[in-house]
Amino acid sequence: MKKSYIWSVPTRVFHWLFVLFVLFAFLTDDEDRLLNYHVIVGYGILILLVFRGFWGLFGPKYSLFKDFSVSLQKAKDFIKNIFDDKQKYIGHNPLASFVLIAMLIVAFLTVISGILLFGIQEGKGILAFLNTPYFKEMKLFKEIHELLSNLFIALIVAHVSGVIVDRLLHKKDETLNSIM
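Residues numbered from 1 in each chain as written. Predicted model: local features only at pLDDT ≥ 70, side-chain atom pairs only at ≥ 80, totals over all residues. Heavy atoms only, no water.

**Student:** For this particular structure, what's the right way to read the pattern of salt bridges?
**Tutor:** When charged atoms on two side chains of opposite charge get close, those side chains can pair. In this structure the tally under the stated criterion is two salt bridges. Its salt-bridge partner being Lys142, residue Glu146 comes within 3.1 Å of it at the nearest N-O pair. Of this pair, Glu146 and Lys142 both sit in helix 6 (residues 140–169), separated by four residues, roughly a single helical turn. Assessed through its relative accessible area of 40%, Lys142 is described here as partly exposed. (Salt bridge = Lys/Arg side-chain N within 4 Å of Asp/Glu carboxyl O. Helix = DSSP H or I, 4+ residues; strand = E, 2+ residues; numbered from the N terminus. Buried < 20%, exposed > 50% of the residue type's maximum accessible area, 1.4 Å probe, protein only.)

**Student:** Would you mind going over the nonpolar core with me for this structure?
**Tutor:** Taken as a class, soluble globular proteins show a tendency for nonpolar side chains to be buried jointly. Ranked by size, the top nonpolar core spans 26 residues in total, and within it Phe18, Ile45, Leu49, Met103 and Phe152 carry the most contacts. Sorting the residues of this core by element identifies helix 1 (9–27), helix 2 (35–58), helix 4 (94–122) and helix 6 as the ones contributing at least two each. Looking at this core element by element, the count peaks at 10 residues for helix 4. Residues within four places of Ile45 in sequence aside, it is in contact with Phe18, Phe21, Val22, Ala25 and Val111. (Core = buried A, V, L, I, M, F, W, Y, C linked by side-chain atoms within 4.5 Å. Contact = heavy atoms within 4.5 Å.)

**Student:** When you look at the side chain of Ser113 in this model, what are you seeing that I'm missing?
**Tutor:** In this structure, Ser113 sits in helix 4. Contacts of Ser113, omitting those with residues within four sequence positions, involve Ile144, His145 and Leu148.

**Student:** In this structure, what is going on with the packing of aromatic side chains? I would like to understand it.
**Tutor:** Ring pairs (aromatic) are described by centroid distance and by the angle formed between their planes. Evaluation of the coordinates by the stated rule reveals five aromatic pairs. Between Phe51 and Trp55, the ring centres sit 5.6 Å apart and the planes meet at 20 degrees, which makes this aromatic pair stacked. You can see Phe51 and its partner Trp55 sitting in helix 2, four residues apart, about one turn around the helix. The class of Phe51 is partly exposed, set by a relative accessible area of 28%. Note on Trp55: relative accessible area 18%, which makes it buried. Judged by centre distance (5.9 Å) and plane angle (90 degrees), the ring pair of Phe65 and Phe68 falls under edge-to-face. When its relative accessible area of 7% is taken as the criterion, Phe68 is described as buried. Grouping aromatic residues by their ring pairs yields a cluster made of Phe14, Phe18 and Phe152. (Phe/Tyr/Trp six-rings, centres within 6.5 Å; stacked < 30°, edge-to-face > 60°.)

**Student:** What is the right way to read the side chain of Arg52 from this model?
**Tutor:** Tracing the backbone through its elements, the reader meets Arg52 in helix 2. Apart from residues no more than four positions distant in its own chain, Arg52 is found in contact with Phe14, Ser63, Phe65, Phe68 and Leu104.

Structure follows, in structure tokens:
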């Protein structure tokens, strides 16, 4: 059986680098001695997100954001008919489209809040000039970064859960194999 790929090589490379970088960011988040690695990975994630933004506008069909099915009605119909064998989506289904767009937005906001936090609290990075007595005492940026990180974890759980459900309910489609 010949394997067919829905997503292009750059999309698949982005996906797996994103997985690795995000995993590394979460593994290095609580250790002060690993802060510099955490920051480097954060900047790496930002570069990946910039690439994905570009690729979502100018890449091939299934990588384009306009190919994502972001319609509340389509999402409701998808949920209502989730067990229907005739329901088939090439690329992202409506729920996956919402989750993936939310993941990209929340990941971007998490990185930006991390850059702000690093500049304000540590006086390092591209926003080091914000390290002033006024901002330094504020815990708001740390709380925002943690809130966004937790939201991102919830979206990752939703994404992985969706992958598992799709794998169980729509085995014959083999859409998920095309990201490997």
